[in-house]
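Below are the chains, spelled out letter by letter.
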Amino acid sequence: MTDLINPPLTDNGSHGTSVVEILQQHGHEEHGPTGILKWLTSTDHKVIGMSYMITSLVLFYMAGIMALVMRLQLASPQSSLVSFQQYNELFTMHGSLMLYLFAGPFAFGGLANYIVPLQVGAPDMAFPRLNALSYWLYLSGSITMMMGFLVAGGAASFGWVAYAPLSNATNSPGAGGDIWIMALVLTGFSAIFTGVNLVATIFYLRAPGLTMFRMPIFTWNMLVTGILILIAFPVLTAALVMLFCDRHFGTHIYSVQGGGSPILWQNLFWFFGHPEVYILALPYFGIVTEIFPVFSRKPVFGYKGMVFATLSIAALSTGVWAHHMFTTGVVLLPFFSLLSLLIAVPTGIKFFNWSGTMWRGEIQFSAAMLFSIGFLFAFLMGGVTGVMLASPPIDFFTHDTYFVVAHFHQVLFGTAVFAGFAGLYYWYPKFFGRMLRENLGKWHFWLMFIGFWVTFMPQYIVGLLGMPRRVAVYPTNLGWQSYNIISTVGAFVIAASFAVLLWNLWVSWRHPVVAGDNPWDAHTLEWFTTSPPPHHNYSHLPPIRSERPTWDYNHPEAPAVGHGEGRPPHGREKVMVTQ
């Protein structure tokens, strides 16, 4: 048993025998189904997290194909590639897949499921069976939403925001809208259960010594995201139930003719929708905050400032929903404009801290670091235009134009895709014990970075020239076509970058390069265990005296001194984990 607690070290300080091998030598093999049965029945957070990531990436590629079809339609002013109805279905489903089924589930369903228990030193999520149920609800909802294309009348076509009265049974008849509602109810419950699991795991399953202000920023962000999920998603679910009742039971909740109010839908939807923007963004903020210190060879700059900025963003995000409703004329413009401008302050603090982390660091431009830096530029542009749209006069002028489309994509593509791929390249060695090819990763980055700006910058310009959003055709004599052609070319460059990612995954899987347990010399606890981790994650833990326990253990000559608690001892003692 001594070898299990203190496995022998090689000359370079790494374990001569992996934890998995030691567990097997001592009769601690993982028992249970293997192969496809393991994926169908497992309650292991790592298997569930990987299931989320694979499913959401498949849906991401489907949504990307829909986007390419829409860009081809718009490359010509009077194109007939798809009908108006088909175009409406495409942009409804593209938005729904990207927002509801990819950006959120990839982060708080996939990465958080896999990484958070490892970062807090837990053997699993707090409620493993509820965690499995969450994934199957998500998969069921995703399949349900895609089934909309197979029913008579086609998929939902009222936009991913489903504004009333456009989404009622008169204006959007057929089963497609009902299927869309049912899919979001299923995935909404999935998100709520995941939020419960994340909050409980972080509060109650942290390892000895891992105080709240020693948690990694990614875990902090996932805790705040979990709380926002519990605030926002029940509101959306209730709104969807009422919409379904309007469509089938004659309740007229959102209908003026029956004494209801269409604006009620907008209030309920955006009360969910604006916290949802940060439910989507905060996990990705956490990802890049893990990556910048590791590839700058420095601790994160302003750790507590980052935590309090995250808490401030969460608090403010619940009070700014009506800035999406300026043009309705029924909201208090000065109040919501002021709050919308205030939310830029904690976000700006994060930018200064990210920049401070890299300042005078020994920066290594790995693929993960490049995607993180790309996120900074993309989200900065989205944030600047967001501040512009927080001003009612500017919003009145641009609200229904492609300026908003460009802003929205720069915010969410800039976070979910740039930072999401940064996290994929960063944690892939932990998931599989093998490396992705760095040269292909850099090709992936540069193609996506160039394509991103070529796609969305012309949309700002054409929006200011007056091109409305949600249209399949446009006049030929207004000078909009050239900008749409450039945007379409950029979209196909982005598509080429995604093809490079698939090739990278294939090459790395067929010709593996062994990663080792901590190929990046990273700081946080997940890099202390083996790659991939054993069934219950850890057989032992290092002493936790700062927010960088793995760094402290691997670098006793230069530990991270934790908040005035003194310099940790040089000895490499370990804390035994009992399961």
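See the structure above.
Please read all numbers here as calculations on a predicted model, not as lab measurements.

### Quick notes on the overall build of the protein
Within the protein, the secondary structure is distributed over 18 helices and two strands. In terms of overall size, the protein behaves like a compact globule, its C-alpha atoms giving a radius of gyration of 24 Å where 579 residues would be expected to give roughly 25 Å. Considering only C-alpha atoms, the protein reaches an extent of 75 × 50 × 50 Å along its principal axes. Here the protein, with 579 residues, has 58% of them falling under the buried criterion. Long-range contacts, defined as pairs at least 24 residues apart, comprise 79% of the intrachain contacts of the protein with a sequence gap of at least 6. Accessible surface, the protein: about 22,400 Å² in total, of which carbon and sulfur atoms supply 69%. Charge-centre separation for the protein: the mean point of 24 positive side chains lies 4 Å from the mean point of 24 negative side chains.

### Digging into the packing of aromatic side chains
For the structure shown, the criterion picks out 66 aromatic pairs. Centre to centre, the rings of Phe213 and Trp220 are 5.7 Å apart; their planes meet at 45°, and the pair counts as tilted. Its relative accessible area of 28% is what places Phe213 among the partly exposed residues. For Trp220, a relative accessible area of 7% gives the class buried. Between Trp321 and Phe336, the ring centres sit 5.3 Å apart and the planes meet at 70°, which makes this aromatic pair edge-to-face. One end of the pair, Trp321, is in the loop between helix 10 (303-317) and helix 11 (333-342); the other, Phe336, is in helix 11, with 15 residues separating them in the sequence. One Lys or Arg, Lys304, reaches over the ring of Phe213 and ends 5.2 Å from the middle of that ring. Here the basic side chain of Arg434 rests over the ring of Trp509, its NZ or CZ set 4.0 Å away from the ring centre.

### Some points on the nonpolar core
Of all hydrophobic cores here, the largest spans 166 residues; its most connected members are Trp180, Phe418, Phe421 and Tyr426. With 20 residues, helix 5 (residues 84-119) is the largest single contributor of residues to this core. Residues in contact with Tyr426, not counting those within four places in the same chain, are Glu290, Ile291, Val294, Phe295, Ala368, Trp520, Ala522 and Trp527. Judged by nonpolar contacts, the second largest core, of five residues, contains Leu389, Phe403, Ala406 and Tyr460.

### Considerations on the packing of helix 11 against helix 12 (residues 344-358)
Running from amino to carboxyl end, helix 11 crosses helix 12 at an angle of 10°, the nearest separation of the two axes being 5 Å. Considered as vectors, helix 11 and helix 12 are oriented roughly parallel to each other. Contact residues: helix 11 offers Ser340, Leu341 and Leu342, while helix 12 offers Ala344, Val345 and Pro346. Broken down by class, the residue content of the contact of helix 11 with helix 12 amounts to five nonpolar, one polar and no charged.

### Observations regarding the packing of helix 5 against helix 6 (residues 128-146)
With their axes 12 Å apart at the nearest point, helix 5 and helix 6 run at an angle of 165° to one another. Between helix 5 and helix 6, the angle falls in the class roughly antiparallel. Here the hand of the crossing between helix 5 and helix 6 comes out left-handed. Here helix 5 contributes Met93, Ser96, Leu97, Leu101, Pro105 and Asn113 to the contact with helix 6, which in turn contributes Asn131, Tyr138, Ser142, Met145 and Met146.

Definitions and limits used
- Residues numbered from 1 in each chain as written.
- Predicted model: local features only at pLDDT ≥ 70, side-chain atom pairs only at ≥ 80, totals over all residues.
- Heavy atoms only, no water.
- Helix = DSSP H or I, 4+ residues; strand = E, 2+ residues; numbered from the N terminus.
- Rg over C-alpha atoms; globule rule 2.2 N^0.38 Å.
- Buried < 20%, exposed > 50% of the residue type's maximum accessible area, 1.4 Å probe, protein only.
- Contact = heavy atoms within 4.5 Å.
- Areas by Shrake-Rupley, 256 points an atom, 1.4 Å probe, with all protein chains shown as cover.
- Lys, Arg positive; Asp, Glu negative; His and termini not counted.
- Charge placed at Lys NZ, Arg CZ, Asp CG, Glu CD.
- Phe/Tyr/Trp six-rings, centres within 6.5 Å; stacked < 30°, edge-to-face > 60°.
- Lys NZ or Arg CZ within 6 Å of the ring centre and 35° of its normal.
- Core = buried A, V, L, I, M, F, W, Y, C linked by side-chain atoms within 4.5 Å.
- Axes fitted to C-alpha atoms, helices over the stretch in contact; angles between N-to-C directions.
- Parallel < 35°, antiparallel > 145°, perpendicular 65-115°, else oblique.
- Nonpolar A, V, L, I, M, F, W, Y, C, P; charged D, E, K, R; others polar.
- Left-handed = near helix turned anticlockwise from the far one by under 90°.

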